[in-house]
Amino acid sequence: MLGAIIGDIAGSRFERNNYRAKDFELFTEDCRFTDDSVLSLAICDALLSCRGDYRDLGALAVQKMQEVGRCYPDCGYGGKFRHWLYLEHPEPYNSCGNGSAMRVSGCGFAAASLEEAKELSLQVTRVTHNHPEGLKGAEATAASVYLLRSGFTKNQLREYLQVNYYPLDFTIAGLRSSYKFSATCQGSVPQALEAFLEARDFEDAIRTAISLGGDSDTIGAVAGSLAEACYGIPPDLRKQALTYLDQRLLGILKEFEEKYPGQGGRKD
């Protein structure tokens, strides 16, 4: 779970000021957690609140996103989601935005099967992003996390993603100079997936994702969630990232990691 948060924090200072190379300092005083981290942890809180029975996950996702999200009103929400956050009776708003993908990695870590990863993703996504592309971007992310922590190699994952979700007919190096900002799933999730697939290790996945430009914190969050599932997180990066979170967010993270420990740590 922390992989998404690290990608978010490292990418936060580049979202509107892209840096299209990989030789940047990963953590600085200008970095911060954004809505990507807040809502990822809100979804984790919803998963924990289910106590193993996910029938009410959708309702709990709404409750926890509003409950946790309102504590951080200035963390960078999109306009439609900000409006949704404060509604008494919130409804989905047909969004294809990449907010669905950046917050869903917890589903991939909590799931006991690929089908469950997809179902959990659907339940927490359709409460806001019920557009087909919003649902697809979230499912591709959650499914990838589950498959990687279950032993899929990168080659196997690439094939699975191309058959089921996106063509991935590009490279990051080939795209970098022309890539434009996109807050949609279809315009940023395939790029985040490719950044992970090309990376050598956890840190390289974060650097590769952010170096593409565009919506850097969200692309970093998606790539970081997959990188954690594959490689685990280096202890020094973990230690630095935790200093950016407050006690409320740290508490959710700790409880989630205790119940759903990551299974990364190989190099393939």
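Look up a bit, the structure's there.
Figured I'd write up the structure that's included with this text. Being a predicted model, the structure only gives us computed values, none of them experimental.

**Topic: the overall build of the protein chain**
Working step 1: What the protein chain contains, in helices and strands, is 15 helices and zero strands.
Working step 2: Expected size for 268 residues packed as a compact globule is a radius of gyration near 18 Å; at 16 Å, the protein chain falls within 12% of this value.
Working step 3: Along the first, second and third principal axes, the C-alpha atoms of the protein chain reach 45 × 35 × 35 Å.
Working step 4: Across the 268 residues that make up the protein chain, the buried fraction comes to 60%.

**Details of the packing of helix α8 (residues 132-149) against helix α13 (residues 216-231)**
Working step 1: α13 packs onto α8 with a crossing angle of 15° between their chain directions and a minimal axis gap of 7 Å. Relative to α13, α8 is oriented roughly parallel. As α8 packs across α13, the resulting crossing turns out to be right-handed. Contact residues: α8 offers T141, S144, V145, L148 and R149, while α13 offers V222, S225, L226, A229 and C230.
Working step 2: For the contact of α8 with α13, the per-class residue count stands at six nonpolar, three polar and one charged.

**Quick notes on the pattern of salt bridges**
Oppositely charged side chains may form a pair once their charged atoms are brought near each other.
Working step 1: What the rule picks out here adds up to 11 salt bridges.
Working step 2: With its nearest N and O atoms 3.7 Å apart, the salt bridge here joins E133 to K136. Of this pair, E133 and K136 both sit in helix α8, three residues apart, which is roughly one turn of that helix.
Working step 3: One network of salt bridges, with partners in common, ties together K22, R200 and D204.

**Some remarks on the nonpolar core**
Working step 1: Ranked by size, the top nonpolar core spans 99 residues in total, and within it I6, L47, M65, F196 and F256 carry the most contacts.
Working step 2: What F256 contacts, discounting residues up to four positions off in sequence, is M1, C44, L47, L48, G106, F109 and A110.

**With respect to α8**
Working step 1: In this model α8 runs 26 Å from its N-terminal to its C-terminal C-alpha over 18 residues, within 8% of the 26 Å that 1.5 Å per residue would give.
Working step 2: Of all 18 residues in α8, 13 are buried, a share of seventy percent or more.
Working step 3: Residue G151 follows α8 closely and has a positive phi angle near 115°.

**A closer look at the packing of aromatic side chains**
Working step 1: Applying the stated criterion to the full structure yields 11 aromatic pairs.
Working step 2: By way of ring pairs, the aromatic residues F14, Y19 and F24 are connected into one cluster.
Working step 3: It is K154 that lies over the ring of F196; its NZ or CZ is 4.8 Å from the centre.
Working step 4: Positioned over the ring face of F24 is R207, at 5.0 Å from the centre of the ring.

**Focus on the environment of Q240**
Working step 1: For Q240, the location among the structural elements is in helix α14 (residues 235-242).
Working step 2: For Q240 and T141, which are 99 residues apart along the polypeptide, the C-alpha to C-alpha distance reads 25 Å.

**Points about unusual backbone geometry**
Working step 1: The backbone of N94 sits at a positive phi, close to 55°, despite the residue not being glycine.
Working step 2: Examined against the element boundaries, N94 turns out to sit in the loop between α4 (79-85) and α5 (99-102).
Working step 3: Its identity as a non-glycine residue notwithstanding, L168 has a phi of 50°, on the positive side.
Working step 4: Residue position: L168 is located in the loop between α9 (154-164) and α10 (172-176).

Calculation criteria
Residues numbered from 1 in each chain as written. Predicted model: local features only at pLDDT ≥ 70, side-chain atom pairs only at ≥ 80, totals over all residues. Heavy atoms only, no water. Helix = DSSP H or I, 4+ residues; strand = E, 2+ residues; numbered from the N terminus. Rg over C-alpha atoms; globule rule 2.2 N^0.38 Å. Buried < 20%, exposed > 50% of the residue type's maximum accessible area, 1.4 Å probe, protein only. Axes fitted to C-alpha atoms, helices over the stretch in contact; angles between N-to-C directions. Parallel < 35°, antiparallel > 145°, perpendicular 65-115°, else oblique. Left-handed = near helix turned anticlockwise from the far one by under 90°. Contact = heavy atoms within 4.5 Å. Nonpolar A, V, L, I, M, F, W, Y, C, P; charged D, E, K, R; others polar. Salt bridge = Lys/Arg side-chain N within 4 Å of Asp/Glu carboxyl O. Core = buried A, V, L, I, M, F, W, Y, C linked by side-chain atoms within 4.5 Å. Expected span 1.5 Å × (residues − 1). Phe/Tyr/Trp six-rings, centres within 6.5 Å; stacked < 30°, edge-to-face > 60°. Lys NZ or Arg CZ within 6 Å of the ring centre and 35° of its normal.

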